[in-house]
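What the coordinates show
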Amino acid sequence: MTRLAARLGLTLPLLQAGMGAVAGPGLCAAVSRAGAGGTLALYKEPPARAARLVREVAAATGRPFGVNVVPEVTGPAACLDQLRAVLPELPPDAFVTSFGLPDADASGVVRAAGHPLVVQVGTLADAGTALGRGAAVLVLQGTEAGGHLLGRLPVDLLLATVRARYPHAVLAVAGKIATGRDLADAVARGADGAMAGTLFVPAAESTAHPEFKRRVVEAVADDTLVTSLFDIGWPHRPHRVLRNPLTATTERAPATFIATTRVDGREHPVPRYSAAAPGEETTGRIEEMAMYCGRSCTRVTARHPAAVTVARLGREYGRRHSWTT
C-alpha cells in the first residue's frame, strides 16, 4: 500500500490516463473494478453529456474512479462548466484529474466538493503551483510519455527533482510504465505510484480505433517521435506520437478534412493535423491522424481486457516490490 493507493482508495497504485478518444466509460469502469484508478476522459465533452457519461461509469463500478479535465484545451470557463456538471454525479470516493494546471476556481470547486485533486505537471515550477492550489496528488510526466508533453525532462530526473523539493508530496510518474516491474521500480526510486496511458490504448474496452490499437501493439520505442505537427485544436504543445506519412516529410500538406468522427449520432469532420486521435467511430484516412504513444510501447504486446492487464501488473508488481524491499 503506497500513499497514492491509500489516498485514492486503490488496490494497485496505478492510474489510467484520461485519454481523449480512448478512455470512455467502459475502460474507466473496467480499470476501476480491477482495483486501479480508472479515469474517464472529459476532454471537450459538453457538460450535459459529460454528466451522462459519469452516471454510466458510476452504474458500472462500485470502486473509486476519476474524471479528467484539460483546462488548456477547453479554457477556464468551459472547464468550470464541465466540473459543475459532473461533480454532483460523482460518488464520494471519486477523484478529479487535471492535465496541466487548473485555475484557482476549478481547483476550488473540486476541493469544496470533497474530492481529491490529481494534477499532471511536467516542471518543478508547475508542481509547486499545483500543490499551492490544493493538489492531493501530483502526476509527474516525463518526455518518454505519449501524448502532449508538459515539460522537457525525462521522468526519472523530474521525479528526483520534485521529490527533493517536496519530500512529503504524493507523487505518481507518467512515462515508461507498461509492466508491474516498471511500477515497482518507480516506487523504489521515490514515487508513490504511476499513471499509464499507452498500456491501455489496446485494451478491449478502449474506444481507440482498431488501427490505433494495432499500431501500438506492434510498435517499439523508436517508432515514436516528438513533434508539433498535430496542432489544430491544441496549439503550442509538443506531443509524442507514432510515426506516420505526415511525420515522414518536412512539407506540410493542406489542412483539408481527411476523416469523420461520430459522437451521439452526429458526424464531425476532422482536418489533417488535428490534435484529435482516431476513435472507434472515426472513418477516413486513419493512417494520417495523431496516434499518441509513449516509448513504453515496446512492452505493450497484446490486446487484453483491462482486468487482465491490471491483474498482470499487480502480480508483477507484488513479486518485484517484495524483491526490492
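Look up a bit, the structure's there.
Just so it is clear, the structure is predicted and the values come from calculations on it, not from any experiment.

1. Considerations on the overall build of the protein chain
- What the protein chain contains, in helices and strands, is eleven helices and 14 strands.
- Viewed in the frame of its principal axes, the protein chain has a C-alpha envelope of about 50 × 40 × 35 Å.
- Taking all 325 residues of the protein chain together, the buried fraction comes to 56%.
- Restricting the contact set of the protein chain to residue pairs at least 6 apart, pairs at least 24 apart contribute 61%.
- For the protein chain, the exposed area adds up to about 13100 Å²; of that, 54% sits on carbon and sulfur atoms.
- Taking the average location of the 35 positive side-chain charges in the protein chain and that of its 28 negative ones, the two points are 4 Å from each other.

2. So, the sheet that holds strand S11 (residues 239-242)
- Read across the open sheet, the three strands follow the order S7-S11-S10; overall the sheet is antiparallel. Each edge of the open sheet is held by one strand with a lone partner, namely strand S7 (147-148) and strand S10 (224-227).
- Two elements, S7 and S11, share two bridges in a ladder whose sense is antiparallel. Paired with Gly-147 across the two strands is Arg-240, which belongs to S11.

3. Some points on the pattern of salt bridges
- In this structure the tally under the stated criterion is 19 salt bridges.
- When the shortest N-O distance is used, the salt bridge between Arg-52 and Asp-264 registers 2.8 Å. With a gap of 212 residues between them, Arg-52 in helix H3 (residues 47-60) and Asp-264 in the loop between strand S12 (257-263) and strand S13 (266-271) connect regions that are remote in the sequence.
- A relative accessible area of 35% places Arg-52 in the partly exposed class.
- Two residues, Asp-185 and Arg-181, come together in a salt bridge whose shortest N-O distance is 3.9 Å. You can see Asp-185 and its partner Arg-181 sitting in helix H9 (residues 180-188), four residues apart, about one turn around the helix.
- Residue classification places Asp-185 among the buried positions, given a relative accessible area of 18%.
- For Arg-181, a relative accessible area of 47% corresponds to the partly exposed category.

4. Topic: the pairing of strand S6 (residues 137-141)
- Across the five residues that make up S6, a large majority, five, are buried.
- Residue alternation in S6 divides its side chains into two sets, Val-137, Val-139 and Gln-141 and Leu-138 and Leu-140, and both sets are buried.
- Sheet topology note: the strand S5 (residues 117-121)/S6 ladder contains four bridges and is parallel. The residue bridging Val-119 from the neighbouring strand is Leu-138, located in S6.
- Here S6 pairs with strand S8 (residues 171-174) via four bridges, running parallel. What sits directly across from Leu-138, in S8, is Leu-171.

5. What about the sheet that holds S12?
- Strand order in this open sheet of three strands is S13-S12-S14, and the pairing throughout is antiparallel. With partners counted over all chains shown, the strands left at the sheet margins are S13 and strand S14 (282-284), one partner each. Within this sheet the neighbouring strands show an average axis-to-axis angle of 25°, counted without direction.
- Two elements, S12 and S14, share three bridges in a ladder whose sense is antiparallel. The partner of Thr-261 across the bridge, within S14, is Thr-282.

6. Focus on the pairing of S12
- Pairing analysis gives six bridges linking S12 to S13, with the strands arranged antiparallel. In the strand pairing of S13, Val-263 is matched with Arg-266.
- Connecting S12 to the antiparallel partner S13 that follows it, the hairpin turn spans two residues, and Asp-264 within it adopts a positive phi of roughly 50°.

7. Brief notes about the nonpolar core
- Core analysis: the biggest nonpolar cluster contains 105 residues, and Leu-14, Leu-15 and Phe-200 have the highest contact counts within it.
- The greatest single-element share of this core, amounting to five residues, is contributed by helix H2 (residues 25-33).
- The contacts of Leu-15, once residues within four sequence positions are left out, are Leu-4, Leu-8, Leu-10, Gly-37, Phe-95, Val-118, Val-139, Ala-194, Met-195 and Ala-196.

8. Examining the packing of helix H5 (residues 76-86) against helix H6 (residues 104-112)
- Contact geometry for H5 and H6: axes closest at 9 Å, N-to-C directions at 10°. Compared by their axis directions, H5 and H6 come out roughly parallel. Residues Cys-79, Leu-80 and Leu-83 of H5 form the contact with H6, whose participating residues are Asp-105, Ala-106, Val-109 and Val-110.
- Of the residues assigned to the contact of H5 with H6, the class counts are six nonpolar, no polar and one charged.

9. Some points on the side chain of Thr-179
- Residue position: Thr-179 is located in the loop between S8 and H9.
- Residues in contact with Thr-179, not counting those within four places in the same chain, are Arg-299, Arg-312, Leu-313 and Glu-316.

Calculation criteria
- Residues numbered from 1 in each chain as written.
- Predicted model: local features only at pLDDT ≥ 70, side-chain atom pairs only at ≥ 80, totals over all residues.
- Heavy atoms only, no water.
- Helix = DSSP H or I, 4+ residues; strand = E, 2+ residues; numbered from the N terminus.
- Buried < 20%, exposed > 50% of the residue type's maximum accessible area, 1.4 Å probe, protein only.
- Contact = heavy atoms within 4.5 Å.
- Areas by Shrake-Rupley, 256 points an atom, 1.4 Å probe, with all protein chains shown as cover.
- Lys, Arg positive; Asp, Glu negative; His and termini not counted.
- Charge placed at Lys NZ, Arg CZ, Asp CG, Glu CD.
- Pairing = 2+ DSSP bridges.
- Salt bridge = Lys/Arg side-chain N within 4 Å of Asp/Glu carboxyl O.
- Axes fitted to C-alpha atoms, helices over the stretch in contact; angles between N-to-C directions.
- Core = buried A, V, L, I, M, F, W, Y, C linked by side-chain atoms within 4.5 Å.
- Parallel < 35°, antiparallel > 145°, perpendicular 65-115°, else oblique.
- Nonpolar A, V, L, I, M, F, W, Y, C, P; charged D, E, K, R; others polar.

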